[in-house]
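# Tertiary structure, described
Below, each chain spelled out in residue letters.
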Amino acid sequence: KGRLRAGPRAGQWPALLPQLERGFGLSRPSRRAIIRPVPNMKTSRRRFLQTSAAATAAFNAIPLLAAPGKKYRTALIGAGWWGMNILRDAIAHRQCKVVGICDVSEQTREVSAEEVTDLNGDQPRQYNDYSEMLTKEKPGIVIIATPDHWHAPITIHACLAGKDVYVEKPCSHNIAEGRLSVTA
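Residues numbered from 1 in each chain as written. Predicted model: local features only at pLDDT ≥ 70, side-chain atom pairs only at ≥ 80, totals over all residues. Heavy atoms only, no water.

## Concerning the side chain of D122
Stated formally: Numbering of helices and strands runs from the N terminus, with a helix taken as a DSSP run of H or I at least four residues long and a strand as a DSSP run of E at least two residues long. For every residue, the accessible area obtained with a 1.4 Å probe (protein chains only) is divided by the maximum for its type, and the residue is called buried under 20%, exposed over 50%, and partly exposed between those limits. In this count, Lys and Arg are taken as positive residues and Asp and Glu as negative ones, while His and the chain termini are left out. For salt bridges, the criterion is a side-chain nitrogen of Lys or Arg within 4 Å of an Asp or Glu carboxyl oxygen. For this analysis, a polar contact is any N or O atom pair within 3.5 Å, provided that within protein one partner can donate a hydrogen and the other can accept it, and provided that sequence-adjacent residues contribute only side-chain to side-chain pairs. Only heavy atoms matter for contacts: two residues are in contact if any of them lie within 4.5 Å across the pair.
As for its position among the elements, D122 is in the loop between α4 (106-120) and β3 (125-127). Buried charge D122 goes without a salt bridge, the closest partner of opposite sign being K97 at 4.1 Å. At 2.9 Å, the side chain of D122 forms a polar contact with the backbone nitrogen of V98. Among all residues touching D122, those that are not within four sequence positions of it are C96, K97, V98, V116 and T117.

## Some remarks on the side chain of E168
When you line up the elements, E168 lands in the loop between β5 (164-167) and α7 (175-183). Buried E168, no salt bridge; nearest opposite-charge side chain is K169, N-O distance 7.2 Å. Within the structure, the side chain of E168 is placed 2.9 Å from the side chain of W82, a separation counted as a polar contact. For E168, the residues in contact, after removing those within four places along its chain, are W82, I86, I144 and H151.

## Some remarks on the confidence of the model for the protein
Our working definition: One confidence number per residue, pLDDT, is output by the predictor and ranges from 0 to 100.
Here the protein averages 79 in pLDDT, while 72% of its residues score no lower than 70. Across the protein, element-level confidence peaks in β3 with a mean pLDDT of 95 and bottoms out in helix α1 (residues 17-21) with 57.

## Focus: the sheet that holds strand β2 (residues 96-102)
For clarity, the cut-off: Pairing between two strands is assigned when DSSP locates at least 2 bridges connecting them. A fitted line through C-alpha atoms represents every axis, and for helices the fit uses only the stretch in contact; the resulting angles, taken between N-to-C directions, go from 0 to 180 degrees.
Strand order in the open sheet formed by 5 strands is β3-β2-β1-β4-β5, with parallel pairing between adjacent strands. Of all the strands in the sheet, the pair left with one neighbour each is β3 and β5. Strand-to-strand twist of the sheet, defined as the mean angle between neighbouring strand axes without regard to direction, takes the value 25 degrees. The sheet contact formed by β2 and β3 spans 3 bridges and is parallel. In the sheet register, C102 faces β3, and the bridge partner there is Y127. Strands in contact with α4 are β2 and β3; relative to β2, the strand with the most contacts, it is inclined by about 170 degrees.

## What about unusual backbone geometry?
Backbone torsion omega between K169 and P170 reads -5 degrees, so that peptide bond is classified as cis. For P170, the position within the fold is in the loop between β5 and α7. The phi torsion at R94 lies on the positive side, around 55 degrees, for a residue other than glycine. Inspection of the secondary structure assignment puts R94 in the loop between α3 (81-92) and β2. Judged by relative accessible area, which is 68%, R94 ranks as exposed. For K138, which is not a glycine, the phi torsion comes out positive at approximately 50 degrees. The topology assignment puts K138 in the loop between α5 (130-137) and β4 (141-144). With a relative accessible area of 54%, K138 lands in the exposed category.

Next up, the structure:
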């Protein structure tokens, strides 16, 4: 109880469809959602500093673990102002090859694709439908910067397709969407 279980993978997408069709709705908190106090957890100042130092060192070592010169196939879903800010930052690290841009607005797609070409020479394909882009381009990393109500469904779809996902906050509108995203 309270632990994460191994969730569905690519072949088990239909199992999540009934929950998606219901709209993840939680009209009011259930009795099981009551927050209980955490048991008494005493941490000394020394232990806290040791743990913080170890976490900081581990976090700062992540760029050193990346393969030098390796480029990750990256796709952007939601190519508006904020999505392009995130993508510009990813391009600045010189470890991504932008293979696809998806947005409902044709003008936004075209402007974003042109900017990507100017920034690093990649010529990403443009898509109106994110699921088509995920299937055809097979990106390794998906950046999701769509309006909030699309974050969870696209995250679930991308995770079940085996992609690494960067999604803007809020990652979901309610607990059920969040749990489905983690399970995926």
